[in-house]
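# Structure at a glance
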Amino acid sequence: MVKNLLVELGLEELPAYVVTSSEKQLVDKMAAFLTENRLSYDRIEGFSTPRRLALRVLGLADKQTDLTENFKGPAKKIALDAQGNFSKAAQGFVRGKGLSTDDIEFRTIKGEDYVYVTKHESGKDAKEVLTGIPGLLASLSFPVSMHWAANTFEYIRPVHTLTVLLDDEALELDFLDIHSGRVSRGHRFLGHEVEITSADSYEADLRSQFVIASPKERQEMILDQIKELEKVHQIQVDIDEDLLNEVLNLVEYPTAFMGSFDAKYLAVPEEVLVTSMKNHQRYFVVRDAKGHLLPNFISVRNGNDKHIENVIKGNEKVLVARLEDGEFFWREDQKLTISELVEKLAHVTFHEKIGSLAEHMARTEVIAAYLAEKAALSEEEKEAVARASRIYKFDLLTGMVGEFDELQGIMGEKYALLAGEKPAVAKAIREHYLPNSAEGKLPETRVGAILALADKLDTLLAFFSVGLIPSGSNDPYALRRATQGIVRILEEFGWQIPMDALIDELYALRFDSLTYNNKLEVMNFIRARVEKMMGKAIPKDIKEAVLNGDNFIVSEMLAAAQALLKASQRSDYKRSVESLSRVFNLAEKADFKASVDSTLFENTQEESLAAAILKLDLVGNADQQIDAVFALSPFINDFFDHTMVMVEDQVLKNNRLALLARLVAKAKKIAAFNQLNTK
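We now turn to the structure provided with this report. (Residues numbered from 1 in each chain as written. Predicted model: local features only at pLDDT ≥ 70, side-chain atom pairs only at ≥ 80, totals over all residues. Heavy atoms only, no water.)

## Quick notes on the overall build of the protein
When helices and strands are counted, the protein shows 27 helices and 18 strands. Its C-alpha atoms give the protein a radius of gyration of 34 Å, more than 25% over the compact-globule value 26 Å for 679 residues. Its C-alpha atoms give the protein principal-axis dimensions of about 100 × 95 × 45 Å. Across the 679 residues in the protein, those meeting the buried criterion constitute 49%. The long-range fraction of contacts in the protein, counting pairs at least 24 apart against all pairs at least 6 apart in sequence, stands at 69%. Element-wise, carbon and sulfur atoms account for 49% of the exposed surface of the protein, whose accessible area totals about 32,800 Å². For the protein, the distance from the average site of its 82 positive side-chain charges to the average site of its 104 negative ones is 2 Å. (Helix = DSSP H or I, 4+ residues; strand = E, 2+ residues; numbered from the N terminus. Rg over C-alpha atoms; globule rule 2.2 N^0.38 Å. Buried < 20%, exposed > 50% of the residue type's maximum accessible area, 1.4 Å probe, protein only. Contact = heavy atoms within 4.5 Å. Areas by Shrake-Rupley, 256 points an atom, 1.4 Å probe, with all protein chains shown as cover. Lys, Arg positive; Asp, Glu negative; His and termini not counted. Charge placed at Lys NZ, Arg CZ, Asp CG, Glu CD.)

Spelled out as structure tokens, the structure:
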């Protein structure tokens, strides 16, 4: 017989950004709990609103499956003492399994007798197992926690209700200081407390109190209502997925409505208006059929449509206050000059241990010029890089960015254009922040990409130099994101800039404001980001082989990892890698002062391998390079079949090791092949 289980935890309003992830975590933990406790089920449905996390288990078995386990214990010679009685080792073994020595039997394995016991455990009733639900709820983890009243425990928000129903039976459980029942809370303003009749009636019972428990249903309601507004008013609404998810987790009973604002504010840059609506007020942006911004917005009320006119007026009033700020700063900022703002950056702290923003920009300017040369930018592009690097942080001191910090870089571009700066310079100011997330948009222009690289490189080196190095998950200055951006930009633009050589040369630079330090830590940090870029599909051994190679050109490292993954499916992979690994392992013993003397060759196999190594030219793409290296496998194997490397004659030994080292020097540009696993 199967039943349906409902678990609902009623809380104070949760931060919108944790609702979806907490619902998923609850479902995942319940699935693990049921599996661990041998309770079968059909599926689990998750529910969430700002004031509750819930789930329903469908088709839950009424008892655990029985369990039979066999345990192997000590050898018979240890289990019995000289008198033939069970030793303390045997007694301790069975006691640990909840059994006695009467349950012992001996089984012969590979000619020797061992203690064996068989434990049978009858399945418990589901209700008994489900007493573990409070522990499951306590195990949920959150990015932030709090404690309330006189309690010492912490949780995401204060807990008000706990409902646990097995079909229509309410289970008696305690979580924190709450005793479970069947009472849940309806909408904060439109509803009241409601008794949940059964696990199956959960959604209907809450709906009667203006709560839509299913986030999927709430989302469909929001989208359907917006589509209706689009149809009625002949408009287009920008559906930002992140904003939709946030709004979804702010309301329990959604009602979408359209408001408006004075068209005069459309003279302010669109980014300011969109930021005011989307980021600050959680409004959806409205456009006409041609994609032009309209003086309207879509918002979603947490409630029904009663008195919706008053709600619209209230939202319009709040938005206008934000737009007034935007219009004021847009007008006032244009009275400022870039040179004045740049001069003031000398008094703005980048970090108290590192110095001012002006000093950061000065280092960035030097690095940018160096990178522009390395990337073979045109003279015009180099001039744009130089100009942009001298002014690119000026907009941080504008009133607009001070009020709307999301617009840094964006307003820099607009103000730069108004001031007569070249478009390439203005766009680089905007692009130097990119990417602003792990998978965010990358710079489009070479000038912007160089400035972004230079800014991120100085940020990385400066923070590491003063000991502000991320540890564990702690990364308050977003250095992982900055370094990920460096790696992604280098890959995207395909610049052949070896990172090891680059870092060496940057550390050789001298600045009055700062001396770069902790180079080894920086290199390891960059390698970790390259490894992450390789992705989960690349096996660990391939990642390590590439990372331990001699090539630190990011795009080529990523290509080598993909090519080795592809090559690992070939029939000759194992044979080729094993022969190369043997070469690598022996070459580590080479005296690198020794050179190869062909007059010391004693057989044709040595001559053939030497000729093949001499002809080896790693050109083309990564697949072609691996083909070329693998093609040496027959020569390598013939060499080892007919040649002893570690002979007593030191001259011969060093000559052969030098020959192998010559091959390693070339092949290691792809990977350290002895790091690959062929088992």
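## Some words on the packing of aromatic side chains
Across all of its chains, the model carries 19 aromatic pairs by this definition. Ring plane angle 65° and centroid distance 5.4 Å describe the contact between Phe47 and Tyr202, whose orientation is recorded as edge-to-face. One end of the pair, Phe47, is in strand E2 (residues 43-49); the other, Tyr202, is in helix H6 (residues 202-207), with 155 residues separating them in the sequence. Residue classification places Phe47 among the buried positions, given a relative accessible area of 3%. Ring centres 5.7 Å apart and planes at 20° place the aromatic pair Trp330 and Tyr415 in the stacked group. Here Trp330 is found in helix H10 (residues 308-333), whereas its partner Tyr415 is found in helix H15 (residues 410-418), with 85 residues between them in sequence. Here the aromatic residues Tyr573, Phe584, Phe630 and Phe673 are joined through ring pairs into a cluster of three or more. Just above the ring of Phe525 sits the side chain of Arg529; from NZ or CZ to the centre is 5.8 Å. (Phe/Tyr/Trp six-rings, centres within 6.5 Å; stacked < 30°, edge-to-face > 60°. Lys NZ or Arg CZ within 6 Å of the ring centre and 35° of its normal.)

## Side note on the pattern of salt bridges
Oppositely charged side chains can form a pair if their charged atoms are brought close together. Taken as a whole and assessed by the stated rule, the structure comprises 43 salt bridges. In this structure, Asp627 engages Arg570 in a salt bridge whose closest nitrogen and oxygen atoms are separated by 2.6 Å. Taken together, the positions of Asp627 in helix H25 (residues 622-630) and Arg570 in the loop between helix H22 (554-567) and helix H23 (573-587) put the pair 57 residues apart, joining distant regions of the chain. For Arg570, a relative accessible area of 30% gives the class partly exposed. Within this structure, Glu8, Glu12, Glu13, Arg51, Arg52, Arg188 and Glu252 form a network of salt bridges that share partners. (Salt bridge = Lys/Arg side-chain N within 4 Å of Asp/Glu carboxyl O.)

## As for the environment of Pro50
Residue position: Pro50 is located in the loop between E2 and strand E3 (52-61). As for Pro50 and Glu12, which are separated by 38 residues in sequence, their C-alpha atoms are 7.8 Å apart. What Pro50 contacts, discounting residues up to four positions off in sequence, is Glu12, Glu13, Leu14, Asn249, Leu250, Val251 and Glu252.

## Topic: helix H7 (residues 215-233)
Every α-helix carries 3.6 residues per turn, so stepping three or four residues along brings you back to the same face. End to end, H7 covers 27 Å across 19 residues, agreeing with the expected 27 Å (1.5 Å per residue, within 8%). At the C-terminal side of H7, Gln234 shows a positive phi close to 55°. (Expected span 1.5 Å × (residues − 1).)

## Here we look at the nonpolar core
Within the largest apolar cluster, 135 residues are counted, with the highest numbers of intra-cluster contacts made by Trp495, Met499, Val530 and Phe673. Residue contributions to this core peak at 13 residues, all from helix H17 (residues 446-465). Membership of the second largest hydrophobic core comes to 37 residues, among which are Leu11, Ile133, Tyr155 and Val164. (Core = buried A, V, L, I, M, F, W, Y, C linked by side-chain atoms within 4.5 Å.)

## Concerning the environment of Pro269
Relative to the elements of secondary structure, Pro269 occurs in the loop between strand E14 (254-260) and helix H9 (270-281). A residue is classified by how much of its surface remains accessible, and Pro269, at 9% relative accessible area, is buried. Along the sequence, Pro269 and Lys414 sit 145 residues apart, while their C-alpha atoms lie 8.6 Å from each other. Residues within four places of Pro269 in sequence aside, it is in contact with Trp330, Met411 and Lys414.

## Concerning helix H19 (residues 499-507)
Met499, Leu502, Ile503, Leu506 and Tyr507 are the residues of H19 that are buried. For H19, the angular spread of buried residues about the axis comes to 130°, placing them on one side. Those residues of H19 that are buried are in contact with helix H12 (357-374), H17, helix H18 (479-493), helix H20 (519-534) and H22. (Arc of directions from axis to C-beta.)

## Describing unusual backbone geometry
Pro435 follows Leu434 through a cis peptide bond whose omega is -10°. Structurally, Pro435 is set in the loop between helix H16 (423-431) and H17. Here Gln234, not a glycine, exhibits a phi torsion of approximately 55°, which is positive. Look at His307: it is not a glycine, yet its phi comes out positive at around 55°. Assignment of secondary structure puts His307 in the loop between strand E16 (293-302) and H10. Residue His307 is classed as exposed on the basis of its relative accessible area of 59%.

## Notes on the pairing of strand E6 (residues 112-121)
Bridge count between strand E4 (residues 67-75) and E6: seven bridges; the pairing is antiparallel. Of the residues in E6, the one forming a bridge with Glu69 is Lys119. The hairpin turn running from strand E5 (residues 105-109) into E6, its antiparallel successor, is two residues long, and Lys110 in that turn takes a positive phi close to 50°. (Pairing = 2+ DSSP bridges.)

## Here we look at the layout of surface pockets
A volume near 980 Å³ is recorded for the largest pocket. Lining the largest pocket are 33 residues; nearest its centre among them are Gln408, Tyr433, Leu434, Asn436 and Arg481. Elements with a minimum of two residues in the lining of the largest pocket: strand E17 (349-351), H12, H16, H17 and H18. When residues of the lining of the largest pocket are assigned to their parent elements, the largest contribution, four residues, is made by H17. (1 Å grid on protein atoms, 1.4 Å probe; cavity = no way out; pocket = protein on both sides within 12 Å on 5 of 7 lines; lining within 4 Å. Points joined across faces, edges and corners; volume = space filled by probe spheres on them.)

## Some words on the sheet that holds E3
As summarised here, the arrangement of the five strands in space is E2-E3-E1-E7-E8, forming an open sheet in which the pairing is antiparallel. Looking at strand neighbours, the two that pair on one side only are E2 and strand E8 (169-170), the edges of this open sheet. Both strand E1 (residues 2-11) and strand E7 (residues 159-166) contribute to a ladder of seven bridges, which runs antiparallel. Paired with Leu6 across the two strands is Leu165, which belongs to E7. Those strands touched by helix H1 (residues 16-36) are E1, E2 and E3, and its axis lies near 30° from that of E3. (Axes fitted to C-alpha atoms, helices over the stretch in contact; angles between N-to-C directions.)

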